[in-house]
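# Secondary and tertiary structure notes
Residue strings, one per chain:
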Amino acid sequence: MNKLLNFNIFLNDHGDLNVLGKLAKIVLILVSIWFITNVVDKIIDKAISNKKLTKLYTNDKRINTVAGILKKTVKIILYFIGSMIILEMFNINTTSILATAGIGGLAVGFGAQSLVKDLITGFFILSEDQYAIGDYVKIGDYEGIVEELGLRVTKLRDFTGDLHIIPNSSIQIVSNRTRGSMRAMVKVSVSYDENIDRVVKILEDVCLDIKKNNTLIVEGPTILGVTDLGEYKVDITIIAKSQPMEQWAVEREIRKKVKEAFDKENIEIPYPKGIIYGGSEK
Amino acid sequence: MNKLLNFNIFLNDHGDLNVLGKLAKIVLILVSIWFITNVVDKIIDKAISNKKLTKLYTNDKRINTVAGILKKTVKIILYFIGSMIILEMFNINTTSILATAGIGGLAVGFGAQSLVKDLITGFFILSEDQYAIGDYVKIGDYEGIVEELGLRVTKLRDFTGDLHIIPNSSIQIVSNRTRGSMRAMVKVSVSYDENIDRVVKILEDVCLDIKKNNTLIVEGPTILGVTDLGEYKVDITIIAKSQPMEQWAVEREIRKKVKEAFDKENIEIPYPKGIIYGGSEK
Amino acid sequence: MNKLLNFNIFLNDHGDLNVLGKLAKIVLILVSIWFITNVVDKIIDKAISNKKLTKLYTNDKRINTVAGILKKTVKIILYFIGSMIILEMFNINTTSILATAGIGGLAVGFGAQSLVKDLITGFFILSEDQYAIGDYVKIGDYEGIVEELGLRVTKLRDFTGDLHIIPNSSIQIVSNRTRGSMRAMVKVSVSYDENIDRVVKILEDVCLDIKKNNTLIVEGPTILGVTDLGEYKVDITIIAKSQPMEQWAVEREIRKKVKEAFDKENIEIPYPKGIIYGGSEK
Amino acid sequence: MNKLLNFNIFLNDHGDLNVLGKLAKIVLILVSIWFITNVVDKIIDKAISNKKLTKLYTNDKRINTVAGILKKTVKIILYFIGSMIILEMFNINTTSILATAGIGGLAVGFGAQSLVKDLITGFFILSEDQYAIGDYVKIGDYEGIVEELGLRVTKLRDFTGDLHIIPNSSIQIVSNRTRGSMRAMVKVSVSYDENIDRVVKILEDVCLDIKKNNTLIVEGPTILGVTDLGEYKVDITIIAKSQPMEQWAVEREIRKKVKEAFDKENIEIPYPKGIIYGGSEK
Amino acid sequence: MNKLLNFNIFLNDHGDLNVLGKLAKIVLILVSIWFITNVVDKIIDKAISNKKLTKLYTNDKRINTVAGILKKTVKIILYFIGSMIILEMFNINTTSILATAGIGGLAVGFGAQSLVKDLITGFFILSEDQYAIGDYVKIGDYEGIVEELGLRVTKLRDFTGDLHIIPNSSIQIVSNRTRGSMRAMVKVSVSYDENIDRVVKILEDVCLDIKKNNTLIVEGPTILGVTDLGEYKVDITIIAKSQPMEQWAVEREIRKKVKEAFDKENIEIPYPKGIIYGGSEK
Amino acid sequence: MNKLLNFNIFLNDHGDLNVLGKLAKIVLILVSIWFITNVVDKIIDKAISNKKLTKLYTNDKRINTVAGILKKTVKIILYFIGSMIILEMFNINTTSILATAGIGGLAVGFGAQSLVKDLITGFFILSEDQYAIGDYVKIGDYEGIVEELGLRVTKLRDFTGDLHIIPNSSIQIVSNRTRGSMRAMVKVSVSYDENIDRVVKILEDVCLDIKKNNTLIVEGPTILGVTDLGEYKVDITIIAKSQPMEQWAVEREIRKKVKEAFDKENIEIPYPKGIIYGGSEK
Amino acid sequence: MNKLLNFNIFLNDHGDLNVLGKLAKIVLILVSIWFITNVVDKIIDKAISNKKLTKLYTNDKRINTVAGILKKTVKIILYFIGSMIILEMFNINTTSILATAGIGGLAVGFGAQSLVKDLITGFFILSEDQYAIGDYVKIGDYEGIVEELGLRVTKLRDFTGDLHIIPNSSIQIVSNRTRGSMRAMVKVSVSYDENIDRVVKILEDVCLDIKKNNTLIVEGPTILGVTDLGEYKVDITIIAKSQPMEQWAVEREIRKKVKEAFDKENIEIPYPKGIIYGGSEK
C-alpha cells in the first residue's frame, strides 16, 4: 500500500518519473495554466465592471483594449513558466533561457517604472482626495480646472483653453485652489504728498461699501497698512477673502471703486517723479 | 516495457545519456530553434501588415529594415541559448560564458532603456488618444502641429517651419490646444484721466459689433473689468472664446476695432507720464 | 522508538515523505498561513486604533480603506509563498515562477520607492518635531500654515488661500518661521542733502515711541546705521524683533510712523536726481 | 560497443575524465576559441568594407584602429572564458575569479553605458532619417549645418564657424530646419497717430511688389493684422513662407522695402513718447 | 567514544538529526537570539548614556524613542533569521520567503539611503569640525547661526528669525563665516570732475581716523584704488578686515564717515548725468 | 598505467586529494600568481614606454606613480583570489568572505564609475581627433586653448589666464573653434533719417578697402542687409570669414573703418530719440 | 601512513570532521582572525606615520580617531566572517543571515558611495597636482586660496574671509588661477565725437609709461582696438599680462592713469546722450 501511495507506476527503477509520469505531469501543468488564466480573466472582467473605476473611465472602448492587453500578457507569462518547468523535467538546462528572459524583463521593468509610479501616485491622489473633478489646481507650472482624473493621467483645462495631460508620476506638489476661501489682494499707491490717515479713511469707506453689496466676499475687505515706502509712492494694501474662483472678480471691483473714490476726493496719482539739475556749461 | 518507456538505448550504464542520446537531443534542439524562429518571423510579418501600424508608419522601406533587424536579433539569441544547452550536455561549465554575456546584455539593456520607454509612452499616447495628427500641441518647450505620430517619435511642425522630432520618452506633459474652444485675451490700457464707465461703454459697443460679425467666436467677447492699476495707466481686459487656432485672429480683430473706436471717441493714449522738478542751484 | 520519533509512517523507503506525509505538510502550511494572516490583521487593527495615529488622521473612512488594502496584500503574499513551498515539495522547479515574480516585484519596488521615502521622512518630521500643526513654514518654494501633518503628506495653507499638498519625500529643507521671535526690517531712504545725525535723531524718537506702545515687539526697534550709499539716496536700516507672524504688522507700523515724522520734520523725499547738459548744436 | 560510444579510454574508474580525456578537451576548447576569433574577425572585416558604413566614416585609418581594438577585446574575452572552463575541469573553484571579473566588468559596463546609448540613438537617427548631411538643425542649445553624421557623434558647423561635436547620446529633441518651407516674419511698428487702414494699404503694396520679384518666396508675404497695442506704438506683423535657409534674406528684403515705403509715404517713426509735468515748487 | 563525541543519540540511522536533536537545536537557536538581543540592548543603552552623544542631543525623550525603535527592529530581524533556520531544518524551502523579504528589504533600503547618507555626512561634519554651535555658516542657499548640530540634521537660525532645518545629506559645500577675520568692503563713487588724488587723500584721512577708534578692525581700512570707470562716476574701493560677524558694522561706520567727509570737503555727489539735444522740428 | 595518469599518489581512498596533493596544488597556485603578476608588470612597463602615451604624458614621475599603484592593485587581487581557492580546498565556506568583498568592491566600483567614463571619453576624443593641443575649444561653460590632452583630463588655457582642468567624463559637447574659417560679424546702426542705399554704398566702399589690405580674411566682408528696424535706429550687418582666432581682429578693423567713414560722410550717429509732451496743468 | 596524512583522528566514520576536528578548526579560525587584525592594525599605524599623509593632515588627534574607527570596522567584519564559517560547520543555514547583512551592507554601501568618490577624486587632485596649498582656484561657484588639501575635503579661503569646505566629490572642473600669467583688461569708453587715432595715441603713451614703471607686468599693456560701437560711446580695450594675483592691481593702475591722461588732454567723458523732440500740442 505504501507503494501505491507513492504512485509507483509513474516511477522507474531509480525512483525518478518514467515517461508515463512525465506525461501525466505535463497534462497537470497545462490544466493548471488554463485554470489560472480563466480565473485571472474573470478577475479583470469583474474589476472593469466595478462601479468606482467606471466613474473614472467613462470611455468603454479604451478600457476594453487595456483589459485585452492585460489578459494576453498574463497568458504569455504563464505559458512561458509552464514550458520552463517542462524543459527542466527533461533535464534541459534552462539557465541560459531564464537569463536572457531576465535581462529582457529587467529592461522592460526599468522602462515601465514610470508606469508603476503613475498608478501608485494616481491611487494616492484618489484615496486621499487631493483634488476632484471641477477643482482648480496648480501642478508644477501647469494650472487649470480638473477635467479628468484617472489612475494614469490627470487632465487640466487651462483658462487659455489648453488641455494639459499630466501623467500622475509627474505630479509632485499639488496646490488646490478650491479648498477654502481665497484671498483677494489689491495694492494701492499714493503720492508722498498725501496724508496717510486721510487716504486710509477714504479706503475704509470704499471697503465698507463693497462689504455691504458683494455677496462673493467671505471676510473683509480690510486695510493692512503701509506695505512699502517706494521711490516716489507709498503702497497701501487691501485684502479680502472671497469664495473660491471669485477672488479675481473681487479684486477688479475693489480696483474700480478705489479709482473712482480717488478721482472724487482728488487724491494725486503717483506718477514717477524726479529732480533734474541743468548743467549749463556743456 | 518500463525500460522501453525510458528509451534505454539512449542511456549508458550510469543512467546518463550515451552518444546516441546526445546526438538525438542536439537534433531536437536545433529543430526546435528552427521552428520557433519561423513562428516569430511569421508573427513579425503579420504585425507589419496589420492595419493600425500601417496607418502610423506609411514608409514601407523603413519598417522592413526594422523587421529584418528584429528577426536577426531573435535568431542570434535563440542559437546562443541552444549552444549553451548543448555545451552543458557535454559537462562544459557555461557560468563564465553566461556571466560575460549577462554583463554585455545588462550594458545593452541599460542603454536601450529609453527605447523601451519610447515605446511604452508611445503606446499610451496612441491608446489614450492624447493627440492626433493635425492637432496643435505643446510638449515641453516645443510646440507645433502634429505631423507624424509613431510608437517611437512624434513629429511637430512649428509655425516657424521647424520640424521638431521628439522621442516619446522625452514627452512628459502634453498641452493639447485643439481640444475645445480657445481663449482670446486683449488687455486695453487707458489714461488715469479717463472715466472708467465711459471707456467700458465704448468697449461694450466694440464687443457687440464683433460678436455679430465674427463667426469664429464661440463665446463673448466680454469685458472682465479693471485688471491693473499701473504706474500711469489703467488696464481693462477683454476675453472671448474662439474656435481652436483662431484665437489669434480674434485678438487681432479686437485690437484693431478698439484702436479705431478710441481714435473716434478721443480716448487718451496712456503715454508714460512723469513729474520733473527743476533743481536750479546746480 | 527512534523510528517513531522520526514519524516513519510519513516516509517511504528512500527516507522521503510519502503521500500521507505530504498531505500532512500541506495542511500544516495552510494552517500556519491562516494563523499568520490573523495575527497581522490584529496588529493592523490595533495600530489603527492607536492614539497617536488617530490624532494625525482624523478621517476614519480613509484609514479603513488603507488597512483593508494592507491586509489583502499580506494575504496574497503569504498564499504565494505557501504555494511555492508546496510546488517545491512535488519537485516542480519554481525558479522560473520566482524569477517572473521577482522582476515584477522589483518594478513595483522601484515605483514604490518614493512611498517608502514619504514614510521615512514623515516619521522623522514627526519624531523630531520639525513643525507642528499651526506653524508657519517654508518648504522649497511653497509656504503656509501647516494644516495637516501626516506620515505621507503635509498640507500647507498659503496666505493666498491655496492648499499646498506636499508628499513628505519632496521635503528637504524646512524653514520654520514660528520658532522664536522674527525680525522686522525697514529700510529708510533720505536725500544726500540731509544731515545723517539729524535723521538718526528723528528715527530714534520714532523707535522709542513704537517701543513704548507696541506689545508685539520683543526687542528693539534699533537703528543699524548707514547700510547703503546709493545713486541719489542714503539708506538707513531699522530692525526689531517681534512675536512670530507679527513682523509684517510691526514693519507696517514703523513705515507709517517714519513717513509721518519725516513729513513733520521736513526731511526731503529722495526722488531720483540727475544732471542734464543741453547740447545746443543739434 | 556501448562502451566505445562513451569513449571509455578517456574515462577513469569513477566515470570521470582521465588525464588523456582532459588533454583532449583542452585541445578542443583552444581550437574552438581559435575558430570563433577567426569568424568574428571575418565578420568585422566584412562590416568595415560594407558600403553604408564607408559612406559615413570616410576616414580609413580611424575605422581600422577601432576594428583592431574590437578584435583584441573579443580575443581576450574568449581566452578568459576558455581558461575558466579549463580551471573548472581541474576542480579549481572559479567563483572568486568570476566575482572579481564581474565587478570589474560591471564598472566598465556602467561607464560604457553612454557609448551603447550613442550607438542606439545614432542607429535610429540614421534609420529614421531624422537629418542628413547638409541639413540645418538645432539640437538642444546648438545649431548648425550637419557636416558629419556617424553612429557615435554628429558634427554641426555653426554659422559662427564653430564645429560642434555632439555625442549622439546627448541628442534628445532635434529641430530640423530644412524639411519644408520656412517662415519669414517682420514686425512693423507705427505711431498711434497713424490710420491703421492706410498703413495696411501701403504694406500690401510692398508685399505685392516683393511677391512678384522674389523667387525665394513660397507663399505670401501676408499681413496678419494688429499684433500688439504697445506703450507708444502699434505693431503690425507680416509673414511669408520661403525656401529653407532663405527666410532671413526674405526678412531683410521686407524690412528694407517697408522702410523705404514709409519714408516715401511720410509714415511717422514711433519714437518713444512721454508726457512730463513740470513741478515748479522744488 | 568516537560515537559519543558525535552525539549519536541526536542522530537517526541516516546520520541526520532525529526529533530529539532537532528540538535541542531549536532551543539552542532561541537561546542565542535571546542572548544577542540582550547584548545589543546593552550596547544601545550604553551608547545613549555616552557623553559625546548627550552633548548633541539634549532632548532625553526623543533619544529614548529612537533607542526603542532600534531595539525592536533588531529583535524582529533576529527572530526572522531564527525562524528561517528552523524552517530549513524541516526541509521547507525558504527561497520564496527570502526572495519576498529581500525585495521588501531592498525597497526599504533604497528609501533609507538618504538616512544613511545623513548619518555619514553628519559624522564627517562632527569629526572634521566643519562648524560648531554658534558659528555663522552658509549651506547652499541657506545661512544662519548654527543652533543645533546633530548626526541627522543641522539647524540654522537665520537673521530673519527663520529656523532652517537641514538634513545632513543635503549639505554639500559649507561656507563657514566665523573662521578667521572677515572682509568689510565699501565702494565709494565720485564724479568724473573730481581730482582722484584729492579724493584719495580725503579717504585716507577717514581710514586713519577709523583705524584709531574702532577695536573691531583687525587690519586696514585700506584704499584699493580705482576699481571702475562707470558711465558717469569713478568707483574707489576701501577694504578692511574685521572680527567675524562685525564686518557689517565696520562697513556702516566707513560709509557714514565717508559721507560726512565728502559733505565737509564739498566732493560732488555723482548723480546720473546725460546730454540732451533738442530736436526742434517735431 | 591508468592509475598513474590519474596521479593516484595524490588521492586518498575517497578519490579526493590527500595532504600531499593539496600541498602540490597550493604550490601550483602560488607559482601561477607569481607568473601572472610578472606578466602584468611587463605589460604595464611596456605600455608606459609606448610612444603614443609618452607623447601625452610628458611627466615621467607621475606615470611611474600610477604604474606602481596599478601593479600593487593587480597583485592584491590575485593573492586574494589565490587564498580563496586554497580556503575552498580545505572545505572552508568562503561565501561570507566573498559577499563582504563583493559589497566593498561594488561600493568602490560605483565610486570609480566616473574614472572609467573619464578614460572611455578620453579615448574617443583622442581616436576621433575631436581636438588637438593648440586648438581653441569651448566645453560647456569653459573655453580656452587646449594645453594638455590626456586620457583622464583635458587642460584649457583661458584668455583670462585661468587654467581649466576638466575631467573627460564632464565633457559632453565640444565646440572646436579652430576647424575651418571663423565668422566676423559687425552690426552697424544708423538713424531712421538716413537713406539706406547711401549708407550701404559707403559700407561697400569700406568692405572693398578692407578686402584688399587684410590678408587674414578668407571671404568677404559682405553686407547682409537690414537686419533690424529698432526703436530709433536701423541695423545693417556686415559679415566676413577669417582665419581661425583672427575673427576678433577683423571685427575691430571693420568697426574702426566704419566709424571713420561715417565721420567723413556725416552719417548721423543714432542716439536714443524721444518725443516729450509738456503737461502744463501740474 | 596515508591515513595519517589525512588526520583521521579528526574524522568520523562518514569521513566528516568529528567534535575534536571541529574544535581544532574553530581554534584555527580564531587564531587567523587575531593574526589578520594585528597585521591590519600595523598597516594602518604605519600609513598614519607615513610622511606624505602627515604633510596633508597636520591634526594628530583627528587622524587617530579615524584610524581607531577603521581598526574597529575591520575587526567587526572579520569576526562576522568567522562566526559565519563556524555556523556553516554545524550545518546551520546562514543564507538568511547573509541576505540580511547583505541588504544592510548594500544600503550602507550606496550611502557611502560619495565617500569613495571623495577619496578617488582627492587622490587624483593630489597625484595630478591640480592645485597646491596657496593657489587661487575656482571650483564651481566658489573661489579662494587653497588653505587645506586633503583626501576627503578641500578648504578654500575666499577674499570675503569665508572658509569654503568642499568635499572632493563635489569637485568637477577646477580653474587654477595661479598657473601662468594672468590677463588684466580695461575697457575705455570715449564719445563718438572724438577722433579714434588721437585717443589711441594718448592711450599708447599711458601704456608705455606703465610698462616702464610697473614690475608686476609680464607682457603689454597693449591696445586691442575698437571692441564695440555702443549707443553713445566707442569702446577701446587695453590688455596686459601680469604676475598671478596682481592682475587687479594692474587694472586699477591703468584705470587711474587713463583717467588722468583724458583729463589732461580734454577727452570728452561719454555721458549718455539723447535727442528729445518737444511735442507742443499736449
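This structure is a prediction, so every number in the text was calculated from the model and none was measured. Counting restarts for each chain, with residues numbered from 1 along the sequence as it is written. Following the order in which they are written, the chains are lettered starting with A and the ligands numbered starting with 1. Note on the predicted model: pLDDT of at least 70 is required for a residue's local features to be given, and 80 or more for side-chain atom pairs to be given and counted; whole-chain, interface and lining totals, by contrast, use all residues.

### Comments concerning the overall build of chain A
Where we set the bar: Secondary structure elements are defined from DSSP: runs of H or I of at least 4 residues count as helices, runs of E of at least 2 residues count as strands, and each element is numbered from the N terminus. Labels follow a simple rule on C-beta atoms placed from the backbone: if 20 or more others lie within 10 Å of a residue's own, it is buried; if 12 or fewer, it is exposed; otherwise it is partly exposed. By the convention adopted here, residues make contact when the C-beta atoms placed from their backbones lie within 7 Å.
Helix and strand counts for chain A stand at seven helices and nine strands. Taking all 282 residues of chain A together, 28% fall into the buried category. The long-range fraction of contacts in chain A, counting pairs at least 24 apart against all pairs at least 6 apart in sequence, stands at 58%.

### A look at the sheet that holds strand β6 (residues 182-190) of chain E
Which entries qualify depends on this criterion: A pair of strands is treated as paired once DSSP finds two or more bridges between them. Each axis is a line fitted through C-alpha atoms, and for a helix only the stretch in contact is used; angles between axes span 0 to 180 degrees, taken between their N-to-C directions.
Sheet architecture is open: three strands sit in the order β6-β8-β7 (chain E), paired in antiparallel fashion. Taken across any chain shown, the strands that pair with only one partner, and hence form the sheet edges, are β6 and β7 (217-229) of chain E. With direction set aside, neighbouring strand axes in the sheet form an average angle of 20°. Looking at chain direction, β6 of chain E and strand β8 (residues 234-242) of chain E are connected through nine bridges and run antiparallel. Looking across to β8 of chain E, one finds that A184 of chain E is bridged to A240 of chain E. Against the sheet, helix α7 (residues 247-265) of chain E engages β6, β7 and β8 of chain E, with an angle of about 25° to β6 of chain E. On the sheet, helix α7 (residues 247-265) of chain G packs against β7 and β8 of chain E and is oriented at approximately 55° with respect to β7 of chain E.

### Observations regarding the UniProt feature "transmembrane region" (unreviewed entry) in chain A
All names here are of chain A. In plain terms, the rule: UniProt positions are given in the numbering used here, feature names are shortened, and annotations may be inferred rather than shown by experiment.
The positions UniProt marks with the feature "transmembrane region" (unreviewed entry) are residues 20-40 and 76-92. In residues 20-40, helix accounts for 100% and strand for 0%; the two terminal C-alpha atoms are 31 Å from one another. Secondary structure content for residues 76-92 is 82% helix and 0% strand, while the C-alpha to C-alpha distance between its ends is 21 Å.

### A few points about helix α7 (residues 247-265) of chain F
Residue and element names in this part refer to chain F. What counts is decided by this rule: A helix is expected to span 1.5 Å for every residue after the first.
Spanning 19 residues, α7 covers 27 Å between terminal C-alpha atoms, matching the ideal 27 Å at 1.5 Å per step. Of the residues making up α7, those classed as buried are Q247, V250, E251, E253, I254, R255, K257, V258, K259 and F262. Following α7 by one or two positions, N266 has its phi on the positive side, about 60°.

### Some thoughts on the pairing of strand β3 (residues 153-157) of chain B
All names here are of chain B. With four of five residues buried, β3 lies mostly within the body of the structure. Of the strand pairs in this sheet, strand β2 (residues 142-149) and β3 are connected by four bridges, and their pairing is antiparallel. Paired with L149 across the strands is T154, a residue of β3. Where β3 and strand β4 (residues 163-167) come together, five bridges link them in antiparallel fashion. Following the sheet pairing, L156 is matched in β4 by H164.

### Some points on the sheet that holds strand β7 (residues 217-229) of chain C
Read across the sheet, three strands follow the order β6-β8-β7 (chain C) without closing on themselves; strand pairing throughout is antiparallel. This sheet does not close on itself; its edge strands, each paired only once, are β6 (182-190) and β7 of chain C. Here the average twist between neighbouring strands, direction ignored, is 20°. The strands touched by helix α6 (residues 196-213) of chain C are β6, β7 and β8 (234-242) of chain C; relative to β7 of chain C, the strand with the most contacts, the crossing angle is about 165°. Contacts between α7 of chain E and the sheet are confined to β7 and β8 of chain C, with β7 of chain C contributing the most and set at about 55° to the helix.

### Details of the interface of chain E and chain G
Interfaces are often sized by the accessible area lost when the parts come together. Operational definition: Polarity classes work like this: nonpolar for Ala, Val, Leu, Ile, Met, Phe, Trp, Tyr, Cys and Pro, charged for Asp, Glu, Lys and Arg, and polar for all others, with Gly in that last group.
On the chain G side, the residues contacting the 52 residues of chain E number 49 residues. Counting residues per element, the ones that place at least two in the side of chain E that touches chain G are α1 (2-5), α4 (60-89), α5 (95-127), β5 (174-176), β6, β7 and β9 (273-279) of chain E. Its residues assigned to classes, the side of chain E that touches chain G comprises 23 nonpolar, 20 polar and nine charged. Looking at chain direction, β5 of chain E and strand β4 (residues 163-167) of chain G are connected through three bridges and run antiparallel. Bridge pairing links V174 of chain E to I165 of chain G in β4 of chain G.

### As for the packing of helix α5 (residues 95-127) of chain A against helix α5 (residues 95-127) of chain B
Here is the rule we go by: Any angle from 65 to 115 degrees is called roughly perpendicular, while one under 35 is roughly parallel, one over 145 is roughly antiparallel, and all others are oblique. For any helix crossing, the convention is left-handed if the near helix is rotated counterclockwise from the far helix by under a right angle, and right-handed if that rotation is clockwise.
One can describe the packing of α5 of chain A onto α5 of chain B by two numbers: an axis separation of 8 Å at closest approach and a directional angle of 30°. In terms of their interaxial angle, α5 of chain A and α5 of chain B are classed as roughly parallel. Remark: the crossing between α5 of chain A and α5 of chain B carries right-handed chirality. Of the residues in α5 of chain B, those touching α5 of chain A at T95, S96, A99, I103, L106, A107, V108, F110, G111, A112 and L115 of chain A are L98, G102, G105, L106, G109, A112, Q113, V116, K117 and I120 of chain B.

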